[in-house]
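This is what each chain is made of:
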Protein chains: 2
Amino acid sequence: MELDPIDKALLNLLQQDSKQTNKALAYRLDMSVTAIFERIKKLENNGVLKKYVALVDHKVVDKNFSAFCHIKLAQHSRDFVVKFEKEVAKLPEVLECHHISGDYDYLLKVVVKDMEAFREFMVNKLTSIQHIGSTHSMFVINEVKNSTALELA
Amino acid sequence: MELDPIDKALLNLLQQDSKQTNKALAYRLDMSVTAIFERIKKLENNGVLKKYVALVDHKVVDKNFSAFCHIKLAQHSRDFVVKFEKEVAKLPEVLECHHISGDYDYLLKVVVKDMEAFREFMVNKLTSIQHIGSTHSMFVINEVKNSTALELA
DNA sequence: GCTGAAAGGTATGGAGG
DNA sequence: CCTCCATACCTTTCAGC
């Protein structure tokens, strides 16, 4: 799908705040409410707008500990890889799992309550997945920036 | 703020899909629409619900290349650290910046169009920030999981 | 803190340029 | 691809429990 400058401006606004009314969006982009409505529907139907989510404050909900875990598999046969990815995706503590280049195979972002919960997670959940070779964890000391928005120009 | 089990169920639902109507949420949680409305307003006012955002498909908007960059500062005096964090937070290609434990000081998530755009970003934007000692980049081969939702039990 | 109804605003669909 | 208009639905408020 081709995105014109108005689509991109609209996506930038919705990535910042998806609760704006179509009326407010129409005012900002100097268009009619219906025009905005049709563009949004088109972007949704074409899969450009994937989903709308609420973001919660990690501190307030008592999940104020984040870590990044490198993981190396013990074996890399197709079946093991598929199995590992399926298992790890099921863990709610794992917000992200990326297959990456470099010394390790995967990079995981793990969010839990505190260091003790993290230890619990490592011992009882992560390392109980078969075929994990080695792990290396880095703890987040401070979150300087954490955004979900891509700047569309 | 104390969260009761209904608050947590509500937050779990809104983290999955923030466009559900209060009516739909009321039905799922077996409560009145007004009760849902009041709980959401309270969660918003207390900063538990931080913001509502639309998520776009990286592929469709031509940002289908992600990398994680480790960064080590050349010097760690307070002024340099503050300056670095401020500068890096301004870069739209940097979605996340975490101050982490370990061999490096920071871990960045960078999202751009392709490898060439990444090279461009590194040469012209990132490494033009003062006081960066060394960098080490890992490229995302495949995104196994990418979620923003914390499971509240 | 919850309910139900009432009021106002917004999203949605159709007719037409 | 846009605007204007009509209606259905949703959010928001308020009185009362």
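Residues numbered from 1 in each chain as written. Chains lettered and ligands numbered in written order. Predicted model: local features only at pLDDT ≥ 70, side-chain atom pairs only at ≥ 80, totals over all residues. Heavy atoms only, no water.

Student: I keep staring at the sheet that holds strand E3 (residues 94-100) of chain B and nothing clicks. Help me out?
Tutor: Neighbouring strands of a sheet are bound in pairs by backbone hydrogen bonds; such pairs are parallel or else antiparallel. If you walk around this closed barrel you meet the eight strands as E2(A)-E4(A)-E3(A)-E5(B)-E2(B)-E4(B)-E3(B)-E5(A), and the pairing is antiparallel. Between one strand axis and the next, the sheet turns by 35° as a mean value, whatever way the strands run. Here seven bridges tie strand E2 (residues 65-73) of chain B to strand E4 (residues 106-112) of chain B, and the two strands are oriented antiparallel to one another. Looking at the pairing, His70(B) lines up with Leu107(B) of E4(B). Sitting on the sheet, helix H4 (residues 78-90) of chain B is in contact with strand E5 (132-146) of chain A together with E2, E3, E4 and strand E5 (132-146) of chain B, with an inclination near 20° to E4(B). (Pairing = 2+ DSSP bridges. Helix = DSSP H or I, 4+ residues; strand = E, 2+ residues; numbered from the N terminus. Axes fitted to C-alpha atoms, helices over the stretch in contact; angles between N-to-C directions. Contact = heavy atoms within 4.5 Å.)

Student: How should I be thinking about the protein's contact with DNA strand D in this particular structure?
Tutor: The environment of DNA strand D is made up of 14 residues, and the closest members are Ser32(A), Thr34(A), Arg39(A), Asn22(B) and Phe37(B). Counting only atoms of DNA strand D within 4 Å of the protein, the sugar-phosphate share comes to 69%. Here a phosphate oxygen of DNA strand D sits 2.4 Å away from a polar atom, N or O, in the side chain of Ser32(A). At the level of elements, helix H3 (33-45) of chain A together with helix H2 (22-29) and helix H3 (33-45) of chain B are the ones that each hand at least two residues to the surface near DNA strand D. Per-element tally for the surface near DNA strand D: the top contributor is H3(A), with five residues. Within the surface near DNA strand D, the residues separate by chemical class into four nonpolar, five polar and five charged. (Near = heavy atom within 4 Å. Polar contact = N/O pair within 3.5 Å; in protein donor to acceptor, adjacent residues only side chain to side chain. Nonpolar A, V, L, I, M, F, W, Y, C, P; charged D, E, K, R; others polar.)

Student: Can you walk me through the domain arrangement of chain A in this structure?
Tutor: In many reports, interface size means the accessible area that the parts give up when they come together. For chain A, the assigned domains are domain 1 (5-45) and domain 2 (65-139). Here domain 1 of chain A and domain 2 of chain A have C-alpha centroids that lie 38 Å from each other. (Domains from an automatic or database assignment.)

Student: What's the story with the protein's contact with DNA strand C in this structure? I'm lost.
Tutor: As a matter of local geometry, DNA strand C sits amid Thr21(A), Asn22(A), Lys23(A), Thr34(A), Phe37(A), Lys41(A), Ser32(B), Thr34(B), Ala35(B), Glu38(B), Arg39(B) and Lys42(B). The sugar-phosphate backbone supplies 67% of the atoms of DNA strand C found within 4 Å of the protein. Within the contact set of DNA strand C, a phosphate oxygen lies 3.4 Å away from a side-chain nitrogen or oxygen of Lys23(A). Note that a phosphate oxygen of DNA strand C is positioned 2.5 Å from one of the side-chain N or O atoms of Ser32(B). Residue assignment for the surface near DNA strand C shows that the elements contributing at least two residues are helix H2 (22-29) and H3 of chain A together with H3 of chain B. A total of five residues in the surface near DNA strand C trace back to one element, the largest contributor, which is H3(B). Tallied by class, the residues present in the surface near DNA strand C amount to two nonpolar, five polar and five charged.

Student: Help me understand the UniProt feature "domain: HTH asnC-type" (unreviewed entry) in chain A in this model?
Tutor: Mapped onto the present numbering, the UniProt feature "domain: HTH asnC-type" (unreviewed entry) falls on residues 3-64 of chain A. Structurally, residues 3-64 of chain A comprises 53% helix and 13% strand, and the distance from its first C-alpha atom to its last is 38 Å. (UniProt positions renumbered as here; feature names shortened; annotations may be inferred.)

Student: Looking at this structure, I do not really get the side chain of His98(A). What am I missing?
Tutor: Summarising the element assignment, His98(A) is placed in strand E3 (residues 94-100). Of the residues examined, His98(A) reaches a relative accessible area of 1% and is grouped as buried. Within the structure, the side chain of His98(A) is placed 3.2 Å from the side chain of Glu143(B), a separation counted as a polar contact. Once you skip the residues sitting within four places of it in the chain, His98(A) turns out to touch Asp105(A), Tyr106(A), Leu107(A), Phe68(B), Lys109(B), Val140(B), Asn142(B) and Glu143(B). (Buried < 20%, exposed > 50% of the residue type's maximum accessible area, 1.4 Å probe, protein only.)

Student: Explanation requested: the packing of helix H1 (residues 5-16) of chain A against H3(A) in the structure shown.
Tutor: All names here are of chain A. Orientation of H1 relative to H3, taken along the N-to-C sense of each, is 80°, at an axis distance of 11 Å. With respect to their mutual orientation, H1 and H3 come out roughly perpendicular. Between H1 and H3, the residues in contact are Ile6, Asp7, Leu10, Leu11 and Leu14 and Ile36, Arg39, Ile40 and Leu43, respectively. Partitioned by chemical class, the residues of the contact of H1 with H3 number seven nonpolar, no polar and two charged. (Parallel < 35°, antiparallel > 145°, perpendicular 65-115°, else oblique.)

Student: How should the pairing of E3(A) be read in this particular structure?
Tutor: In regular strands, side chains alternate between the two faces of the sheet. In terms of burial, E3(A) is a largely internal element, six of the seven residues being buried. The pairing of E3(A) with strand E4 (residues 106-112) of chain A spans five bridges and is antiparallel. The residue bridging His99(A) from the neighbouring strand is Tyr106(A), located in E4(A). Linking E3(A) to E4(A), which pair antiparallel, is a turn of five residues; within it Gly102(A) sits at a positive phi near 115°. Both E3(A) and E5(B) contribute to a ladder of five bridges, which runs antiparallel. Paired with His98(A) across the two strands is Glu143(B), which belongs to E5(B).

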